[in-house]
Amino acid sequence: MRNTIITETHQNGEIQRFQVIAGFAWENLQFAVPEFDPRAITEIARLYRLNIVEKNPSAYGRLVFFHVPDDIAFPFSDHSGTLQFFSKNITAKIQLQKLVREGNLHWAGVWKCRDTSVEEFLGQLEATHVLEMVTGKKDEITFIPIDGKVGFLSSLTFPLAVNSHFFLMDPTDLDSPFCELGTPHGLALKDGVVLNPPLNHRPCLLVDNTGICYTTQVELTDLVIELDSMHYRHNKNAIFYFRPEVRVTPPCNGTDVVITGNTVVAVNRGGNTIVPMAGFVLSLPNEISLKDTTVHFLGLEAYQFGIQVGPPMMRKSMMVDSLCCPFYNPLVEQVPYPSTVYPLPFETARAARIALGTNSEGNPVLVWAEGASKRNYLVGEESSGASLLELAQFCDRQHYQEIINLDGGGSAQIIYEGKRYLKIADRYEDNSEAERPIPLALVFSASCSQ
């Protein structure tokens, strides 16, 4: 692989650094999930405290971030009315929120509940450092589960690692009881196997089995869903409900299967299901009893790699100069869909950026546009950050062919041969780098199939 740092200077004296990685093969690029790290909860709480709650404390009450380990005593049933749960995190969130709503659970310096097993459960979460609170001024409690895949990119030991997907992060990203903070969304495909399905009508970067890369549209409704060895097709023997078209499914006599990633997280009989922000609902006309919660997506076997995140920067060697795919705009959209907070001004909203695609020769290339320090930006010494237009213009100057924007902002980083060559935009009070936890990464592995 080749690692190059390119520094450009704007007319006003600002600088922008780019890291470009080339010389790798698509077959050696794979998705990796960092090991869950309890420190991720502390970092997420810190980000909420500084960037969200302290800016508007009257809008928030007590936010309780938590993750339920597999080995902890669990006091809740996996059934509630018409619902059956397959996720401890989601079960705990819904049941705890119900206790709060009924007045049976509150905070008085310690947790108080009529059911002492719930007190013990929350105490165990605190004792094992998988529960942390951030407090605003409203008199309310909101439980926010953290996805079990959330960890740190720096924990991965590969020659190359980079953050990849958008994931649920902002409070407005959690508009469903089936949402967990940190859940990634958008197509993730490796060797014909779909790890995450396509969502939100955004273009995908696909590489076919001959090595040809291009940007195209892939919709969830193009795929066949396999569940318990049964195949389901949209508007044939099932209906796929997803955002932004649908927030709540209609009443039915059958079963709503709630899916995020490639896993069933709940089933709900009778419909009226709030569609998950990072997933969808498979609505079936009959009742089912699941034996396996793993979901398979069929229809993309002809591709060795695929990813769907942000807008394209280059298509067929032509620069994309506008936001050409949908992103949530509360002034226009009635149904929220992730990411609900996104720098919509294509031309002016600067941030750290990550992009992936092909260079002038049609070979894979990875780009990091370094962001400005969020605490101590020094003109001419720190990178300014790049707008989407500025990133597209850089890719155009490099004569790249197909490029798609990946998850940027405070998550943006490349670790190459164990080292970061540029700086993360998020900083601690002393301006040292603050690594954000992420749920999904792209890594280079020589052990991938050839």
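Above this text you will find the structure in question.
Right, let's walk through the structure included here.

Cut-offs and rules
- Residues numbered from 1 in each chain as written.
- Predicted model: local features only at pLDDT ≥ 70, side-chain atom pairs only at ≥ 80, totals over all residues.
- Heavy atoms only, no water.
- Helix = DSSP H or I, 4+ residues; strand = E, 2+ residues; numbered from the N terminus.
- Rg over C-alpha atoms; globule rule 2.2 N^0.38 Å.
- Buried < 20%, exposed > 50% of the residue type's maximum accessible area, 1.4 Å probe, protein only.
- Contact = heavy atoms within 4.5 Å.
- Areas by Shrake-Rupley, 256 points an atom, 1.4 Å probe, with all protein chains shown as cover.
- Phe/Tyr/Trp six-rings, centres within 6.5 Å; stacked < 30°, edge-to-face > 60°.
- Axes fitted to C-alpha atoms, helices over the stretch in contact; angles between N-to-C directions.
- Parallel < 35°, antiparallel > 145°, perpendicular 65-115°, else oblique.
- Left-handed = near helix turned anticlockwise from the far one by under 90°.
- Nonpolar A, V, L, I, M, F, W, Y, C, P; charged D, E, K, R; others polar.
- Polar contact = N/O pair within 3.5 Å; in protein donor to acceptor, adjacent residues only side chain to side chain.

**Focus: the overall build of the protein**
Here is step 1 of the chain: For the protein, the helix and strand inventory stands at four helices and 30 strands.
Here is step 2 of the chain: For 450 residues, the compact-globule estimate of 2.2 N^0.38 gives 22 Å, and the C-alpha radius of gyration of the protein, at 22 Å, lies within 12% of that figure.
Here is step 3 of the chain: Each of the 450 residues in the protein was classed as buried or not, and the buried ones make up 57%.
Here is step 4 of the chain: Considering only contacts within the protein whose residues lie at least 6 apart along the sequence, 72% involve residues at least 24 apart.
Here is step 5 of the chain: On the protein, roughly 18,500 Å² of surface is accessible, and the fraction owed to carbon and sulfur atoms is 48%.

**Some details on the packing of aromatic side chains**
Here is step 1 of the chain: For the structure on display, the rule yields 19 aromatic pairs.
Here is step 2 of the chain: Where Phe74 meets Phe121, the ring centres are 5.8 Å apart and the plane angle is 85°; that geometry is what we call edge-to-face. Placement of Phe74 in the loop between strand 4 (62-66) and strand 5 (79-80) and of Phe121 in helix 3 (residues 116-127) is noted, with a sequence separation of 47 residues between them.
Here is step 3 of the chain: A relative accessible area of 24% places Phe74 in the partly exposed class.
Here is step 4 of the chain: The class of Phe121 is buried, set by a relative accessible area of 0%.
Here is step 5 of the chain: Look at Phe166 and Tyr342: their rings are 5.5 Å apart centre to centre, the planes differ by 70°, and that puts the pair in the edge-to-face class. In this pair, Phe166 is assigned in the loop between strand 11 (160-163) and strand 12 (188-190) and Tyr342 in the loop between strand 25 (318-319) and strand 26 (353-358), connecting sequence segments 176 residues apart.
Here is step 6 of the chain: Take Tyr342: its relative accessible area is 12%, and that puts it in the buried class.

**Notes on the packing of helix 2 (residues 88-101) against helix 3**
Here is step 1 of the chain: Put simply, helix 2 and helix 3 touch, their axes get as near as 13 Å, and they point 125° apart. Overall, the two elements helix 2 and helix 3 adopt an arrangement that is oblique. By crossing handedness, the relation of helix 2 to helix 3 is classed as left-handed. Between helix 2 and helix 3, the residues in contact are Ala92, Leu96 and Leu99 and Val118, Phe121 and Leu122, respectively.
Here is step 2 of the chain: For the contact of helix 2 with helix 3, the class distribution of residues is six nonpolar, no polar and no charged.

**Thoughts on the side chain of Arg427**
Here is step 1 of the chain: Among the structural elements, Arg427 can be located in the loop between strand 29 (414-416) and strand 30 (441-444).
Here is step 2 of the chain: Side chain to side chain, Arg427 and Ser373 meet in a polar contact 3.5 Å long.
Here is step 3 of the chain: Once residues within four sequence positions are removed from consideration, Arg427 is found in contact with Arg46, Ser373, Lys374, Arg375, Glu382, Ser432, Glu433 and Ala434.

By themselves, these figures tell us nothing about what the structure is for.
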